[in-house]
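Tertiary structure, described
Chain by chain, the residues run as shown.
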Amino acid sequence: MNDKKWIITGLVIFVMIVIFPFLPNFGKAVPVPEPELTPEAKAAGTCVLPKAEMKAGHMKILDLWRDSVVRKGKRTYVNDSGKEFNMSLSSGEKSCIGCHSNKAEFCDRCHDYASVRPYCWDCHNEPKEKKL
Amino acid sequence: MKNSRRNFLKIAGISALGFGVEPVFDAFAVSEGQEEIRRNKNALTGKRWGMVVDTRKIHSSHDLEPMIEACHSIHNVPKIPNENHEIKWIWEEEFEHVFPNKGNEYLDERNKQLPFIVLCNHCENPPCVRVCPTKATFKREDGIVMMDFHRCIGCRFCMAGCPYGSRSFNFRDPRDFLSNDETDPLFPTRMKGVVEKCNFCAERLAVGKMPACVEASHGILAFGDLNDSDSNVRKLLKSNYTIRRKQSLGTGPSVYYIV
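So, how was this worked out
Residues numbered from 1 in each chain as written. Chains lettered and ligands numbered in written order. Predicted model: local features only at pLDDT ≥ 70, side-chain atom pairs only at ≥ 80, totals over all residues. Heavy atoms only, no water. Domains from an automatic or database assignment. Helix = DSSP H or I, 4+ residues; strand = E, 2+ residues; numbered from the N terminus. Core = buried A, V, L, I, M, F, W, Y, C linked by side-chain atoms within 4.5 Å. Buried < 20%, exposed > 50% of the residue type's maximum accessible area, 1.4 Å probe, protein only. Contact = heavy atoms within 4.5 Å. Pairing = 2+ DSSP bridges. Axes fitted to C-alpha atoms, helices over the stretch in contact; angles between N-to-C directions.

1. Let's talk about the domain arrangement of chain B
Partitioning chain B into domains gives domain 1 (2-39) and domain 2 (49-258). Between the C-alpha centres of domain 1 of chain B and domain 2 of chain B there is a distance of 51 Å.

And the structure:
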């Protein structure tokens, strides 16, 4: 009995099928997107918290903000350096979207990369997109 | 070191001391930064917000439309043609539906044909809050019965609990009925599957403004603190005979009607 030929062909086909999905991206690492800042954000210079804390913890701030606004009626946030913010995701100046009005290039680009899909925008209004 | 009862007690004592001073350290840690969450400086505050509707000033639907329009446009309440899917925060109703237990067989002509304005009563003892399983609807310290849309699971117990029909369920996605330029960007829309109702314009009170319907009412509506005996609403209640909706149920409505 000599089925070596068939076994090898079978193995090659099997391996091809397994690695097929990875081929198109082979050798091309997707670059980590660099969130773009709007002129408004650049002028402000800093976010609510230092950049590293924002990057890792912005969803916690949003959670704190919505509870405090909706349930306690408190809508002003003062950070460590005394800067005031309007505790709102999507409305008005000094809200998240007030500074990051380029939602598509800022929030979405990073979320797409990280495969996160916040459902907030089912209700909260997206900013009228401005091209940078 | 030899373990002895004496040593054990010493260590326990020192540890207890450590726990004792911890709050002091915490206080220092907080006072270092000045992170703070507070009300806006110009926010209107009260102990129990309430409303008085002067129905003597109403002549026809024409007087009520501006209030309904003002409310529904700033809160992105869609106009859905199918009555079963309708969303209402404030609307017009006839006497026998507003005050079903006060309907005499022979009602005076004026009240019989008069359109009344109705909205959430922001009850003192709200049945909707008692039945909500997620505390999505709750009573704030200033008496406003609020919806926290982030917690609403759409079970509709609150709608069954409310004796006034003040709540609407989103059977449809409201955005299908709001064009882009109709949508007020400053207030979130809602989504399919949540219950909504009037919020006494909590978002406007927070920035020092009166509720939108009151501003548009040409004096038909008065809004103020029922807890403050010098407030405009209490003065109106002192000098006029008023009734409330289904008062005998014990919900304690905060909306009064001068008839």
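2. Regarding unusual backbone geometry
Residue and element names in this part refer to chain B. Backbone geometry places Phe200, a non-glycine residue, at a positive phi of 50°. Summarising the element assignment, Phe200 is placed in the loop between β8 (195-196) and α7 (202-205). If you check the backbone angles, Cys201 has positive phi at about 55° while not being a glycine. Structurally, Cys201 can be placed in the loop between β8 and α7.

3. Details of the nonpolar core
With 49 residues, the main nonpolar core has Met51(B), Ile117(B), Phe200(B), Leu221(B) and Tyr257(B) as its most contacted residues. Looking at this core, the element that brings in the most residues is helix α3 (residues 51-72) of chain A, giving five residues. Setting aside chain neighbours within four positions, we find Ile117(B) in contact with Val53(B), Leu64(B), Met67(B), Ile68(B), Ile90(B), Trp91(B), Leu221(B) and Tyr257(B). In this structure, Ala136(B), Cys152(B), Val194(B) and Val195(B) belong to the second largest nonpolar core, which totals 10 residues.

4. Regarding the sheet that holds strand β9 (residues 221-225) of chain B
Residue and element names in this part refer to chain B. Taken in spatial order, the four strands make up an open sheet running β9-β2-β11-β10, and their pairing is mixed. Here the strands that pair on one side only, and so sit at the sheet edges, are β9 and β10 (242-243). With five bridges connecting them, strand β2 (residues 49-54) and β9 associate as antiparallel partners. Looking at β9, one finds that Gly50 is bridged to Gly224. The strands that helix α9 (residues 232-239) touches are β2, β9, β10 and β11 (255-258); relative to β9, the one it contacts most, it runs at about 115°.

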